[in-house]
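Single-letter residue listing:
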Amino acid sequence: MESPISRTDLNCISLADPDIQKSVELLKQACLDSGFFYVVDHGISQEFMDEVFAQSKKFFDLPHSEKMKLLRDEKNRGYTPMLDEILDPENQVNGDYKEGYYIGVEVPADSPDANRPFYGPNQWPSEEVLPKWREVMEQYHREALRVAKLVARIIALALDLDVDFFDRPEMLGEPIATLRLLHYEGQVSNPAKGVYGAGAHSDYGLITLLATDDVVGLQICKDRNAQPQVWEYVAPVKGGFIVNLGDMLERWSNSIFRSTLHRVVLDGRQRYSIAYFVEPSHDCVVECLPTCKSETNPPKFPPITCSAYLSQRYKDTHTDLSTYSGGKA
């Protein structure tokens, strides 16, 4: 029998704290330790957060046939069914016991930018089926990006960069920012048998802002190479975000900052969460930052464009769309 899993203590960063240096030190310590921290006082009201969760639940409560009309397209926009994603194929017997909905940066179909990966028109439920749904999600997308940019400024200072390093057009000026609504069904995970709400993985991009309900399920592993791996629960924080670093920031920082393995283990209760994945622009070249290399610590990763890196990671973890033939009405 597995030993009980403890809870980890994460640093908490207030975006309203006038002492920016304190926030930088707290974030730096978190990024060196686990790559996870809390962000509070971010300016998104609790009432609006509650509304976003309520609208998310309304979508997942729709009949399966209605949701499949919005099956994700080749741009990764729209609905991802239960078991569609397998994040840890070595240890999972089947896909994740979650369903999701991707909403990216809205780009009209006739725009030249719509030809780029991860850009294009979103898929939206009809106003008749879910009135106000699009309006709420687009507002949340804007608000979350504002918060992410504030967090990125603190990260820049923690890496001894100019405060506006990530604000530049090739960085977060034209980001690939993706909102993902998630619903985990009321199922009990069994790691010993390879059954998870979400398999162990690290996120792909720069940072992720995660809002959750009050159902515990997120676990992190601070040392992926430990045998056996040690997993710790991350407690939800009412009104705040759990923020974690992605693999791209680990590459940028030459592995000084951590992109940490995490997974979702379910206890039989339904669970809702909202992830906001923030990455730089398509053509941004992710290469070792000047402040993160030295003669004794040369660059560990070759340069790569953000678009190429993300495209491969999504392809590796999602079911091929051809398997859903006939799924879209």
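Residues numbered from 1 in each chain as written. Predicted model: local features only at pLDDT ≥ 70, side-chain atom pairs only at ≥ 80, totals over all residues. Heavy atoms only, no water.

A look at the UniProt feature "domain: Fe2OG dioxygenase" (unreviewed entry) in the protein
- Per the UniProt entry, the sites bearing "domain: Fe2OG dioxygenase" (unreviewed entry) are residues 175–280 in this numbering.
- In the segment residues 175–280, helix accounts for 6% and strand for 41%; the C-alpha atoms at its two ends are 5 Å apart. (UniProt positions renumbered as here; feature names shortened; annotations may be inferred. Helix = DSSP H or I, 4+ residues; strand = E, 2+ residues; numbered from the N terminus.)

Comments concerning the side chain of Gln219
- Positionally, Gln219 belongs in strand S8 (residues 218–221).
- Side chain to side chain, Gln219 and Tyr233 meet in a polar contact 3.3 Å long.
- Looking at Gln219, its side chain comes within polar contact range of the side chain of Arg263, at 2.7 Å.
- The residues touching Gln219, leaving out its near neighbours within four places in the chain, are Ile5, Trp231, Glu232, Tyr233, Leu261, His262, Arg263 and Val265. (Polar contact = N/O pair within 3.5 Å; in protein donor to acceptor, adjacent residues only side chain to side chain. Contact = heavy atoms within 4.5 Å.)

Structural notes on the pairing of strand S12 (residues 271–279)
- For S12, a buried count of nine out of nine residues is recorded, marking the element as mostly surrounded by other parts of the structure.
- Inspection of the sheet shows strand S5 (residues 176–184) paired to S12 by nine bridges, in the antiparallel sense. Bridging across to S12, Tyr184 finds its partner in Arg271.
- Where strand S7 (residues 207–212) meets S12, six bridges bridge the pair, whose relative direction is antiparallel. Residue pairing in the sheet places Thr208 in a bridge with Phe277 of S12. (Buried < 20%, exposed > 50% of the residue type's maximum accessible area, 1.4 Å probe, protein only. Pairing = 2+ DSSP bridges.)

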